[in-house]
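Below, each chain spelled out in residue letters.
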Amino acid sequence: RRCPLLRRRWVVRIVEFGRRIIEGGRLVACWDDPGAQHAAQMVEDRAVRIESYGIEGSSFWRAENIRRDAAGATFDLFRAGLPIGELRLPLPGDHFIRDAVAAAAVCLGVGVIFGQIAGALANVHGAHRRFERKGEANGITVMDSYAHHPTEARADIEASRTAFPGRRLIVVYQPHTYSRIAYLWDEWTSCWAGVDELIVLETYAAREAPEAGRSAPDLAAAITNPKARYARDFDDAVRQAVELARPGDVIFTMGAGDVVEVGPRILEALR
């Protein structure tokens, strides 16, 4: 909302990608995402077959009868309204279900048999820094995610509520660049619903100077749901997280910078 130029550039890049598909090829696009849907519709003038996928609305490829539990999700895959079969995914969260539908759609389109797809998805363990379990100490689970966009943060929070029902969630978030804080300000101040305690770590600046945008203390002061705390460095973040945590809690480190180093330090302090 706050950066229409950036949004237009993203759409243009997707459209450019779509226009590289050879005649008679397929473009598989997420119809649950308005941006992806808009970009896909902009290449409809070419001889490319557009296949939508999702878990909402009416998509060509669709997950239905979704059964969620702490260990993941089971759902029925449909193609053009016809059932294909049941899939089991050992990862929580709607974003993982959408990814699984997309992967199945692509694989079936190139001739992979459904049984092989089902077997592969049932054994997916996730990618590095994507809802990754780092360890447990004193009954406290420590997780990590590369999430550096509000949409990703919301997805991880939602997945955490499914994977860890009834447990308190503590997030240590490291903003990535001052400019990103600024142009996603409204989103960053409103995406933390469902978190019990939030610690905003000092910004990972990359190549930027503070003058490029807004600061981590500014962001922490502006977040009210939940009320956020500011941590000036890793030592401060570890101290605050350990002081807040109690047995049964889940501590999540999030961000694209070196916040990945904080989780192991929290585990060490807890032990």
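This text goes with the structure placed above it.
Here's a quick rundown of the structure.

Cut-offs used in this document
- Residues numbered from 1 in each chain as written.
- Predicted model: local features only at pLDDT ≥ 70, side-chain atom pairs only at ≥ 80, totals over all residues.
- Heavy atoms only, no water.
- Axes fitted to C-alpha atoms, helices over the stretch in contact; angles between N-to-C directions.
- Helix = DSSP H or I, 4+ residues; strand = E, 2+ residues; numbered from the N terminus.
- Parallel < 35°, antiparallel > 145°, perpendicular 65-115°, else oblique.
- Left-handed = near helix turned anticlockwise from the far one by under 90°.
- Contact = heavy atoms within 4.5 Å.
- Pairing = 2+ DSSP bridges.
- Salt bridge = Lys/Arg side-chain N within 4 Å of Asp/Glu carboxyl O.
- Buried < 20%, exposed > 50% of the residue type's maximum accessible area, 1.4 Å probe, protein only.

Comments concerning the packing of helix H9 (residues 234–244) against helix H10 (residues 262–270)
The description of two packed helices rests on the angle between their axes and on the distance between the axes.
Logical step 1: The interhelical angle for the contact between H9 and H10, taken along N-to-C directions, is 50°, at an axis separation of 10 Å. Looking at the two axes, H9 sits oblique to H10. The hand of the H9/H10 crossing is right-handed. Here Phe234, Asp235, Val238, Ala241 and Val242 of H9 come into contact with H10, specifically with Val262, Arg265, Ile266, Ala269 and Leu270.

Points about the environment of Ile140
Logical step 1: With respect to the element layout, Ile140 can be found in strand E7 (residues 140–145).
Logical step 2: When the C-alpha atoms of Ile140 and Cys30 are compared, they prove to be 36 Å apart, with 110 residues separating the residues in sequence.

Overview of the sheet that holds strand E1 (residues 26–30)
Logical step 1: Pairing within the open sheet is mixed, and its five strands lie in the order E1-E2-E3-E4-E5. Every other strand in the sheet has two partners, leaving E1 and strand E5 (82–89) as the edge strands with one partner each. On average, each strand axis in the sheet is inclined to that of its neighbour by 20°, with strand direction left out of account.
Logical step 2: Bridging between strand E4 (residues 72–79) and E5 involves seven bridges; their strand directions are antiparallel. Along E5, the bridge assignment pairs Asp76 with Glu86.
Logical step 3: Against the sheet, helix H2 (residues 34–41) engages E1 and strand E2 (49–54), with an angle of about 155° to E1.
Logical step 4: In the packing of helix H4 (residues 114–122) onto the sheet, the strands contacted are E4 and E5, and the crossing angle to E5 comes to about 25°.

Some words on the pattern of salt bridges
Logical step 1: The tally for this structure, following the rule as stated, stands at 18 salt bridges.
Logical step 2: The partner of Arg98 in a salt bridge is Glu56, and the shortest N-O contact between them spans 3.0 Å. One end of the pair, Arg98, is in helix H3 (residues 94–109); the other, Glu56, is in the loop between E2 and strand E3 (61–69), with 42 residues separating them in the sequence.
Logical step 3: Here Arg98 falls in the buried class, since its relative accessible area comes to 18%.
Logical step 4: Take Glu56: its relative accessible area is 42%, and that puts it in the partly exposed class.
Logical step 5: One salt bridge in this structure joins Asp196 and Arg161, with 2.8 Å as the shortest N-O distance. Pair noted here: Asp196 is in the loop between helix H7 (185–188) and strand E9 (197–201) and Arg161 is in helix H5 (residues 150–163), with a separation of 35 residues, a long-range link.
Logical step 6: For Arg161, a relative accessible area of 31% gives the class partly exposed.
Logical step 7: One connected set of salt bridges, linked through shared partners, spans Arg168, Glu197, Arg229 and Asp249.

Quick look at the sheet that holds strand E11 (residues 250–254)
Logical step 1: The six strands are arranged E6-E7-E11-E8-E9-E10 in an open sheet whose pairing can be described as mixed. Whereas interior strands pair on both sides, the edge strands pair on one side only; in this sheet they are strand E6 (132–137) and strand E10 (228–231). Averaged over neighbouring strand pairs, the angle between their axes works out to 20° when direction is ignored.
Logical step 2: Of the strand pairs in this sheet, strand E8 (residues 169–173) and E9 are connected by four bridges, and their pairing is parallel. Looking at E9, one finds that Ile170 is bridged to Glu197.

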